[in-house]
Amino acid sequence: MSSTNQTRDTNAGDYLNDVRLYIAQIKAKSIRTIDATITTMRQLLSQVGFASAVPTVTTMTLADYDIVDNTGKLVAYYPFDLDTLDASNNNDGTVTGTETYVDGPEISSTHPMRKAFSFNGSSYTTLANESNFDLDRTAAQSYSFWYNSSVSTDKAIFTKAASSGDYKGIFIEEAAAYSPSGSGFGFSLFDGTNEVSKTTITRWNDSLWHHIVWTYDGSNNVSGIKFYIDGVLTSTTTKVNTACGTILHNQPAVIGGVDIDGAYAGAFKLKDFQVWNVE
């Protein structure tokens, strides 16, 4: 055992001496190119059994790393850190009514800017580039946000709905009761006649921050809708399950405010609202 350690120490010492000599060669000969440097280093490393330690000069690509590029999948992201700007694209929000910011779920003395938007029932944010939110009933989509409320009134969280005629569109709400069943958060795709929608079974108006995610796989069926609260897949109930026709229209998407029929004007706080074009 001692002889092995001695051999290793000898090799390490020889290696360090070679490195010192190599540095001297660089100074003396002004070796300037990367190829020459690597070639010389390979020769030195091979003397102590590390011939494969230096890689060849190659250009790395995204495939060489364990990275998923979600650039084209995030439609919009609103941190609500004292503004309604879209942090991912250019779908900035325009506020109507009172613009109020409060402490968010991540607020601390070291991160005082991490705020949240406080919707009071009449304030709302209209989102730019309405066509960016044209996610039809056959398009996979997801909605993620932090939510906090202490009131039992119904709330329109996100709507992308036509303002007249058949009111087709996307609805994310929170309500005391849905027909025929359910209460709490709801997700609906509505073509004016037919609807694919689910709701939760209970409500969370406990003045605490909760992380909410709705996902939809584009199947035009309630089986493709899933609800997560605080990172946990949670049971839902079917509101309506009648396959839709197209739900597309030219009206803008809105966060907060009232539903298209003038209801759902409740107060709540919202943070980190995100729209994705994937499940």
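Calculation rules
- Residues numbered from 1 in each chain as written.
- Predicted model: local features only at pLDDT ≥ 70, side-chain atom pairs only at ≥ 80, totals over all residues.
- Heavy atoms only, no water.
- Helix = DSSP H or I, 4+ residues; strand = E, 2+ residues; numbered from the N terminus.
- Contact = heavy atoms within 4.5 Å.
- Pairing = 2+ DSSP bridges.
- Axes fitted to C-alpha atoms, helices over the stretch in contact; angles between N-to-C directions.
- 1 Å grid on protein atoms, 1.4 Å probe; cavity = no way out; pocket = protein on both sides within 12 Å on 5 of 7 lines; lining within 4 Å.
- Points joined across faces, edges and corners; volume = space filled by probe spheres on them.
- Nonpolar A, V, L, I, M, F, W, Y, C, P; charged D, E, K, R; others polar.
- Buried < 20%, exposed > 50% of the residue type's maximum accessible area, 1.4 Å probe, protein only.
- Polar contact = N/O pair within 3.5 Å; in protein donor to acceptor, adjacent residues only side chain to side chain.
- Phe/Tyr/Trp six-rings, centres within 6.5 Å; stacked < 30°, edge-to-face > 60°.

A.B. asks: Kindly report on the side chain of serine 197, identifying the contributing residues and their values.
C.D. replies: Along the polypeptide, serine 197 turns up in strand β10 (residues 195–200). Among residues more than four places away in sequence, those in contact with serine 197 are Phe187, Ser188, Val222, Ile225, Thr238, Lys239 and Val240.

A.B. asks: Account for the sheet that holds strand β7 (residues 155–161), naming residues and giving values.
C.D. replies: With antiparallel pairing, 8 strands are arranged side by side in an open sheet as β2-β5-β15-β7-β8-β9-β10-β14. Strands with a single pairing partner mark the edges of an open sheet, and in this sheet they are β2 (93–96) and β14 (236–241). The average undirected angle you get between the axes of adjacent strands in this sheet is 15°. As judged from the 3 bridges shared by strand β5 (residues 124–127) and strand β15 (residues 254–256), these two strands associate in the antiparallel manner. Each residue of the ladder has a partner; that of threonine 126, found in β15, is valine 254.

A.B. asks: Give me the lowdown on empty space enclosed by the protein, citing residues and values where you can.
C.D. replies: Evaluated as defined, the whole model comprises 1 cavity of 30 Å³ or more. Looking at the largest cavity, its volume works out to about 40 Å³. Residue composition of the lining of the largest cavity, by class: 5 nonpolar, 2 polar and 2 charged.

A.B. asks: Describe in detail unusual backbone geometry, supporting the description with residues and values.
C.D. replies: Cis geometry is adopted by the peptide bond preceding proline 180, which originates at serine 179 and carries an omega value of 10°. Mapped onto the elements of the fold, proline 180 is located in the loop between β8 (169–175) and β9 (184–190). Phi angles above zero are rare outside glycine, and asparagine 129 is one such case at about 60°. Residue placement: asparagine 129 occurs in the loop between β5 and β6 (141–148). Positive phi is not limited to glycine here, since serine 207 has a value of about 65°. Secondary-structure assignment places serine 207 in the loop between β10 and β11 (210–216). Note on serine 207: relative accessible area 43%, which makes it partly exposed.

A.B. asks: Lay out the environment of leucine 82 in plain terms, naming residues and giving numbers.
C.D. replies: Within the element layout of this structure, leucine 82 appears in the loop between β1 (74–78) and β2. For leucine 82, a relative accessible area of 41% puts it in the partly exposed group. As for leucine 82 and threonine 100, which are separated by 18 residues in sequence, their C-alpha atoms are 8.3 Å apart. Among residues more than four places away in sequence, those in contact with leucine 82 are Tyr101, Met113 and Lys115.

A.B. asks: Pulling in residues and values, what's your account of the environment of tyrosine 178?
C.D. replies: When you line up the elements, tyrosine 178 lands in the loop between β8 and β9. Looking at tyrosine 178, the relative accessible area reads 8%, which means it is buried. With 22 residues separating them along the chain, tyrosine 178 and threonine 200 place their C-alpha atoms 9.7 Å apart. Not counting chain neighbours up to four residues away, the residues in contact with tyrosine 178 comprise Glu173, Ser183, Gly184, Phe185, Gly186, Thr199, Lys239 and Tyr264. A distance of 3.4 Å separates the side chain of tyrosine 178 from the backbone nitrogen of alanine 175, its partner in a polar contact.

A.B. asks: Talk me through the packing of aromatic side chains; I want residue IDs and the actual numbers.
C.D. replies: Tallied over the entire structure, the rule returns 19 aromatic pairs. With a centroid separation of 6.0 Å and an interplanar angle of 25°, the aromatic rings of phenylalanine 185 and tryptophan 204 are classed as stacked. Separated by 19 residues along the polypeptide, phenylalanine 185 in strand β9 and tryptophan 204 in the loop between β10 and β11 bring together distant segments of the chain.

A.B. asks: Kindly report on the pairing of β9, identifying the contributing residues and their values.
C.D. replies: For a regular strand, the rule is simple: side chains alternate between the two faces of the sheet. With 7 of 7 residues buried, β9 lies mostly within the body of the structure. Pairing of β8 with β9 involves 7 bridges; the strand directions are antiparallel. When the bridges of β9 are listed, glutamate 173 appears paired with glycine 186. Relative to β10, β9 is paired through 5 bridges, and the arrangement is antiparallel. Bridge assignment links leucine 189 to a residue of β10, and that residue is valine 196. Linking two consecutive strands that pair antiparallel, namely β9 and β10, is a turn of 4 residues; a positive phi of about 105° is found at glycine 192 within it.

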